[in-house]
Amino acid sequence: MSSDTSGINPRFSKKTLHRPDPDTLIKGILKGDITVLSRGITFIESSKEEDQAGKHRIIQALLPYTGQSLRIGITGIPGAGKSTLIEALGLELISQGHKVAVLAVDPSSQLSKGSILGDKTRMEQLSRHPNAYIRPTPSAGTMGGVARHTREAMLLCEAAGFDIILIETVGVGQSETAVHSMTDLFLLLAIPGTGDELQGIKRGIMEMADIIFINKADINPEKVRQTQKQLENALHFFPLHASEQPVQVLTGSAIQKPTVAELCQSILKYAQAIRNSGYFESQRKEQSVWWFKETLDQEILKRFYQQNKNNQMVDHLRQQVSEGKLDPFQAADQVMKAWK
Ligand code: GDP
């Protein structure tokens with residue numbers, strides 16, 4: 001992507017994009033040096049073969065210094081107020097002594113070439129704060145690749161001393177599963193509307209939410225209360241989360257400090273509850289295994305298609321299947337039998 005990201009964070013500079021030395025990066029990140037952190041994240045996003053060993057070295061070396069943060073996923077349709085809320089929530093958390101990193105997973109940016117965090121006017125105050133770090137969404141690759149880079153960027157931010165990681169995504173499907181599988185708490189930002197529309201938010205996303213925040217209560221408090229009731233009713237039909245914590249439906253406004261402070265408190269209380277119950281730890285373990293399996297699946301697929309790039313048998317079978325001459329399952333079976 002060629003978009004200029006230098007305005008996102010004053011310390012994120014394109015001048016720093018020459019190939020760095022892994023040891024220098026490791027040391028700088030552990031010191032909490034933001035410029036080095038940016039260079040490190042750019043480095044781990046590299047798909048160049050010659051960078052892979054260095055990437056693994058960096059992540060392996062930093063791993064013992066990761067995992068201590070609270071990882072929060074934030075989703076909502078465009079216009080719901082995500083960036084406004086992230087800025088307000090970030091500043092609130094910083095005022096309580098936290099260090100906040102903001103990352104993003106945005107599959108739509110692959111198409112539009114514009115990142116959700118690419119707009120320089122977003123989160124201006126937060127981006128200038130010395131205890132905040134804002135990083136735009138990784139720009140290249142498949143959804144799986146982008147999500148993986150975000151997860152790795154999160155580890156680097158943790159090693160650099162950030163104890164709250166906010167990961168933003170657009171509430172349209174796909175990326176939510178990936179973000180859900182790397183966060184401790186999933187926050188859905190909704191806006192007042194009719195319950196049955198559920199504001200374009202897919203049911204699967206509703207099911208993932210640990211906290212739902214109905215935003216823009218300052219505009220029409222009555223409508224917000226109605227939406228709250230409708231959402232609470234809808235949630236009765238959803239199974240209890242594995243965390244065994246009931247889903248909270250809160251109302252408020254991203255532009256009103258007291259409601260942001262209340263939301264902040266609910267988030268920290270939820271985090272404390274799952275730490276106490278042991279769910280925090282068990283979910284982290286499950287997530288690591290999920291990433292292991294996900295990565296392995298992707299690598300196997302990649303290898304299969306690389307090895308079978310010019311495989312005439314596969315081409316022939318594909319043709320047979322498309323013409324309805326062969327059952328797709330039988331065709332797949334034949335390929336598997338032939339693949340060593
Ligand atoms: P995003 O696309 O989800 O990141 O949404 P934005 O944060 O960019 O917000 C979209 C618009 O809604 C902007 O004009 C915000 O100023 C406005 N907005 C966000 N939160 C609130 C709120 O609580 N009350 C009001 N009145 N406006 C809000």
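Up top is the structure these notes are about.
Since the model is a prediction, treat every value here as computed from it, not as a measurement.

Undergrad: Talk me through the overall build of the protein; I want residue IDs and the actual numbers.
TA: From N to C terminus, the protein includes 14 helices and seven strands. Evaluated residue by residue, the protein yields a buried proportion of 49% over its 340 residues. Long-range pairs, those at least 24 residues apart, make up 75% of the contacts in the protein with a sequence separation of at least 6. Summed over all atoms, the accessible surface of the protein reaches about 17100 Å², with 54% contributed by carbon and sulfur.

Undergrad: Residues and numbers for the nonpolar core, please.
TA: Within the largest apolar cluster, 47 residues are counted, with the highest numbers of intra-cluster contacts made by Leu37, Leu156, Cys157, Phe162 and Ile212. Taken together, domain 1 (22-62) and domain 2 (67-277) each give at least three residues to this core, which thus spans both. With near-sequence residues (within four places) excluded, Leu156 lies in contact with Ile29, Leu37, Gly40, Ile41, Ile44, Ile58, Ile59 and Leu62. With 36 residues, the next largest nonpolar core counts Ala88, Leu126, Ala132 and Val260 among its residues.

Undergrad: I'd like a rundown of the site of the ligand, residues and numbers included.
TA: Of all residues adjacent to the ligand, which total 16 residues, the nearest are Gly79, Lys82, Thr84, Arg122 and Ser253. For the ligand, an oxygen atom lies 2.5 Å from a polar atom in the side chain of Thr84. Within the complex, the protein chains bury 69% of what would otherwise be the 580 Å² of accessible surface of the ligand.

Undergrad: Outline the packing of aromatic side chains, supporting the account with residue identities and numerical values.
TA: If you walk through the whole model with that rule in mind, you get four aromatic pairs. Between the aromatic rings of Phe304 and Tyr305, the centroid separation amounts to 5.0 Å while the plane-to-plane angle is 85°, which identifies the pairing as edge-to-face. Exposure remark for Phe304: the relative accessible area of 10% places this residue in the buried category. Arranged with centres 4.9 Å apart and planes meeting at 90°, the rings of Phe304 and Trp339 form a pair that is edge-to-face. Remark: Trp339 occurs in the segment after helix H14 (328-338) and Phe304 occurs in helix H12 (residues 279-307); sequence separation between them is 35 residues. Residue Trp339 is classed as partly exposed on the basis of its relative accessible area of 29%.

Undergrad: Describe in detail the pattern of salt bridges, supporting the description with residues and values.
TA: Using the criterion set out here, one finds 13 salt bridges in the structure. The closest approach of N and O atoms between Glu124 and Arg128, which form a salt bridge, is 3.7 Å. Residue Glu124 and its partner Arg128 are located together in helix H6 (residues 124-128), separated by four residues, close to a single helical turn. A relative accessible area of 56% means that Arg128 is categorised as exposed. Arg318 is the salt-bridge partner of Asp315, the closest N and O atoms lying 3.1 Å from each other. In this pair, Asp315 and Arg318 are both assigned in helix H13 (residues 312-322), three residues apart and thus about one turn of the helix distant.

Undergrad: So what's going on with helix H11 (residues 257-277)? Which residues, and what values?
TA: If you check H11, its first and last C-alpha atoms are 30 Å apart, about what 21 residues at 1.5 Å a residue would give, namely 30 Å. Within H11, burial applies to Thr259, Val260, Leu263, Cys264, Ser266, Ile267, Tyr270, Ala271 and Ile274. Buried residues of H11, seen end-on, are gathered within an arc of 160° and therefore sit on one face of the element. Away from its buried face, by an angle of more than 90 degrees, H11 presents the exposed residues Lys257, Pro258, Gln265, Lys269 and Asn276. In this fold, the buried residues of H11 make contact with strand E1 (70-76), helix H4 (82-95), strand E5 (185-190), strand E6 (211-214), strand E7 (248-251) and H12. Of the residues flanking the end of H11, it is Gly278, one or two places downstream, whose phi is positive at about 90°.

Quick notes on the rules
Residues numbered from 1 in each chain as written. Predicted model: local features only at pLDDT ≥ 70, side-chain atom pairs only at ≥ 80, totals over all residues. Heavy atoms only, no water. Helix = DSSP H or I, 4+ residues; strand = E, 2+ residues; numbered from the N terminus. Buried < 20%, exposed > 50% of the residue type's maximum accessible area, 1.4 Å probe, protein only. Contact = heavy atoms within 4.5 Å. Areas by Shrake-Rupley, 256 points an atom, 1.4 Å probe, with all protein chains shown as cover. Core = buried A, V, L, I, M, F, W, Y, C linked by side-chain atoms within 4.5 Å. Domains from an automatic or database assignment. Near = heavy atom within 4 Å. Polar contact = N/O pair within 3.5 Å; in protein donor to acceptor, adjacent residues only side chain to side chain. Phe/Tyr/Trp six-rings, centres within 6.5 Å; stacked < 30°, edge-to-face > 60°. Salt bridge = Lys/Arg side-chain N within 4 Å of Asp/Glu carboxyl O. Expected span 1.5 Å × (residues − 1). Arc of directions from axis to C-beta.

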